[in-house]
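# Architecture at a glance
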Amino acid sequence: MRTRGAGRLLGREGRRMADAALFEFLHTEMVAELWAQDPDPGPGGQKMSLSVLEGMGFRVGQALGERLPRETLAFREELDVLKFLCKDVWAAVFQKQMDSLRTNHQGTYVLQDHSFPLLIRMASGLQYLEEVPKFLAFTCGLLRGTLSTLGIKSLVTASVAALPACKFQVVIQRS
Amino acid sequence: MAVCVAVIAKENYPLYIRSVPTENELKFHYMVHTSLDVVDEKISAMGKALVDQRELYLGLLYPTEDYKVYGYVTNSKVKFVMVVDASNTALRDNEIRSMFRKLHNSYTDVMCNPFYDPGDRIQSSRAFDGMVTSMMIQVC
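Per chain, residues are indexed from 1 in the order of the written sequence. Labels follow written order: the first chain is A, the first ligand is 1, and so on. Only residues with pLDDT of at least 70 are given local features in this predicted model, and only at 80 or more are side-chain atom pairs given and counted; all residues enter the totals for whole chains, interfaces and linings. Each side-chain value is derived from all of the structure's non-hydrogen atoms; neither hydrogens nor water enter the calculation.

## Notes on the overall build of chain A
Secondary structure follows DSSP: runs of H or I at least 4 residues long count as helices, runs of E at least 2 residues long count as strands, and numbering of each begins at the N terminus. Scanning chain A for helices and strands turns up five helices and four strands. Ordered by position from N to C terminus, the α and β elements of chain A give α-α-α-α-β-β-α-β-β. Taking all 175 residues of chain A together, 44% fall into the buried category. Should any heavy atoms of two residues lie within 4.5 Å, those residues are counted as being in contact. Put simply, 59% of the contacts in chain A that link residues at least 6 apart link residues at least 24 apart. Surface exposure of chain A reaches about 9,900 Å², of which carbon and sulfur atoms provide 57%. Three exposure classes are used, based on accessible area relative to the maximum for each residue type with a 1.4 Å probe and protein chains only: buried under 20%, partly exposed in between, and exposed over 50%. Residue-level accessible areas treat just the shown protein chains as cover; the underlying method is Shrake-Rupley with a 1.4 Å probe.

## Here we look at the nonpolar core
Working definition of a nonpolar core: buried Ala, Val, Leu, Ile, Met, Phe, Trp, Tyr and Cys residues. They are joined through side-chain atoms within 4.5 Å. Among the nonpolar cores identified, the biggest contains 49 residues, and Phe100(B), Leu103(B), Tyr107(B) and Phe128(B) are the most heavily contacted of them. Taken together, the elements giving at least two residues each to this core come down to strand E1 (2-8), strand E2 (14-19), helix H1 (25-48), strand E3 (57-63), strand E4 (67-73), strand E5 (79-85), helix H2 (93-112) and helix H3 (126-135) of chain B. Per element, the largest residue contribution to this core is eight residues, and it comes from H1(B). Excluding anything up to four places from it in sequence, Phe128(B) contacts Val7(B), Tyr16(B), Leu103(B), Ser106(B), Tyr107(B), Val110(B) and Ile122(B). Among the nonpolar cores identified, the runner-up in size contains 41 residues, and Phe135(A), Leu143(A), Ile152(A) and Cys166(A) belong to it.

## Some details on the packing of aromatic side chains
All names here are of chain A. A pair of Phe, Tyr and Trp rings is counted when the ring centres sit within 6.5 Å of each other, with Trp represented by its six-membered ring. The angle between the planes then sorts it: under 30 degrees is stacked, over 60 is edge-to-face, the rest tilted. Under the counting rule described, the total for this entry stands at twelve aromatic pairs over all chains. Between phenylalanine 94 and phenylalanine 116 the ring centres are 5.1 Å apart and the planes differ by 65 degrees, which places this aromatic pair in the edge-to-face class. Taken together, the residues span a long stretch of sequence, with phenylalanine 94 in helix H4 (residues 78-94) and phenylalanine 116 in the loop between strand E2 (108-113) and helix H5 (133-149) at a distance of 22 residues. By relative accessible area, which is 0% here, phenylalanine 116 ends up buried. Taken together, the ring pairs in this structure connect Phe23, Trp90, Phe94, Phe116, Phe138 and Phe168 into an aromatic cluster.

## Quick notes on the sheet that holds E2(A)
Strand pairing in a sheet relies on backbone hydrogen bonds. The paired strands run either parallel or antiparallel. Residue and element names in this part refer to chain A. At least two bridges found by DSSP between two strands is the condition for calling them paired. If you walk across this open sheet you meet the four strands as E1-E2-E4-E3, and the pairing is antiparallel. The open sheet is flanked by strand E1 (100-103) and strand E3 (154-162), the only strands paired with a single partner. For this sheet, the mean inter-axis angle between neighbouring strands, taken without regard to orientation, is 20 degrees. Here E1 runs beside E2; their pairing, made up of four bridges, is antiparallel. Bridging from a neighbouring strand, arginine 102 pairs with valine 110 of E2. On top of the sheet, H5 reaches E3 and strand E4 (165-172); it is set at about 145 degrees to E3, its chief contact. Axes, fitted as lines to C-alpha atoms, cover a helix only where it is in contact. Angles between the N-to-C directions of the axes lie from 0 to 180 degrees.

## Considering H5(A)
All names here are of chain A. In this model, H5 (17 residues) spans 25 Å end to end at C-alpha, consistent with the 24 Å of a helix rising 1.5 Å per residue. The element H5 is largely enclosed, with a buried count of 14 among its 17 residues. Directly beyond the C-terminal end of H5, a positive phi value near 95 degrees is found at glycine 151. Given a helix with a known number of residues, its expected span is that number minus one, times 1.5 Å.

## Things to note about the side chain of Ser154(A)
All names here are of chain A. Tracing the backbone through its elements, the reader meets serine 154 in strand E3. Residue classification places serine 154 among the buried positions, given a relative accessible area of 7%. Aside from chain neighbours lying at most four places away, what touches serine 154 is Arg144, Leu147, Val170, Val171, Ile172 and Gln173.

## Observations regarding the sheet that holds E5(B)
All names here are of chain B. In spatial order, the strands read E2-E1-E5-E4-E3; together these five strands make up an open sheet with antiparallel pairing. The open sheet terminates on both sides in strands that have one partner only, identified here as E2 and E3. The average angle at which neighbouring strand axes cross in this sheet is 15 degrees, direction not considered. Across the sheet, H2 touches E1, E2, E3, E4 and E5, and the angle it forms with E5 is around 140 degrees. Here H3 sits on the sheet and contacts E1 and E2; the angle it forms with E2, its principal contact strand, is near 40 degrees.

## Remarks on H2(B)
The first and last C-alpha atoms of H2(B) sit 29 Å apart over 20 residues, in line with the 28 Å expected at 1.5 Å per residue. Listed in full, the buried residues belonging to H2(B) are Ile96(B), Met99(B), Phe100(B), Leu103(B), His104(B), Ser106(B), Tyr107(B), Thr108(B), Val110(B) and Met111(B).

## Describing the side chain of Ser19(B)
Residues and elements named next belong to chain B. Mapped onto the elements, serine 19 comes out in strand E2. Given a relative accessible area of 8%, serine 19 falls into the buried group. Setting aside its immediate chain neighbours within four residues, serine 19 contacts Val3, Cys4, Glu25, Phe28, His29 and Met136.

## Remarks on the confidence of the model for chain B
Note: pLDDT gives the predictor's confidence per residue, expressed from 0 to 100. In the predicted model, chain B carries a mean pLDDT of 82, and the fraction of residues at 70 or more is 88%. Note on the complex model: pTM 0.83, ipTM 0.82.

## Some details on the pattern of salt bridges
All names here are of chain A. Salt bridges are counted wherever a side-chain nitrogen of Lys or Arg sits within 4 Å of a carboxyl oxygen of Asp or Glu. The final tally for this structure, using the stated rule, is nine salt bridges over all chains. The shortest N-O distance in the salt bridge between arginine 144 and glutamate 54 comes to 3.0 Å. With arginine 144 in helix H5 and glutamate 54 in helix H3 (residues 43-67), this pair connects stretches of sequence that are 90 residues apart. With relative accessibility at 17%, the residue glutamate 54 sits in the buried group. Salt bridges sharing common partners tie together Lys96, Asp99 and Asp113.

See below:
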């Protein structure tokens, strides 16, 4: 009740801020829950949790890929789809756009975000680098799911050199 | 008012098909199936033409003597096909467009349902069924 009132005071921006915070909390809890349930600390168990998170992101991405594109069939080529990912999808989910998109024009794209919202609260710099992959799995799945609804099979991986900047690498699978 | 409404997946199998129950339903299924060729032709034609604005609504696919078939394709290559009675000349283009828009919105809602697996038949969505019923001819 109180949050709804606060949202009304701040107007539309306030409510959107509340949505973003809710998503961050939910994501943090998801990662904590999936990690805690796994009693096997070895690499096999960790991979399971990562793939579960990625799968959840994939399903959400599929739904997003259906809902976000507007009325026009605007994607004439792959690069347009990637630009849509960087601008519209990122803005809808993280309230900001992707900072840079690079490609080798042969099916590999690197999307760079200098201050990724899900990492920004953790640390700044090189601390906690080993903990980072589980926080990126959901987002990798999200990108893969959105691409799959729009007709592109891909493989998405993430890498972090220094928090909170991270890179998502999208490799298009051509069968 | 439509006589038959179908939702076809990207791989060209039906996700949802419903027709007015009085007629021989196979005839409608067959019409939808043959119209898929026309849809594919229109999609590939759109891809080649360097048009700035590409429409989701494909328009009249082909008219037969009793029925007219309209098509619509989404960004995820899911196709909607609608068969209407040709004698119903009061139906205008923008009415068909609005029917397709409603279909698209309902389909998006079904997709966002976490209990729905993409690629399955749309069977348990009451909202979707209700929306299609409102679009079909009321036959008592």
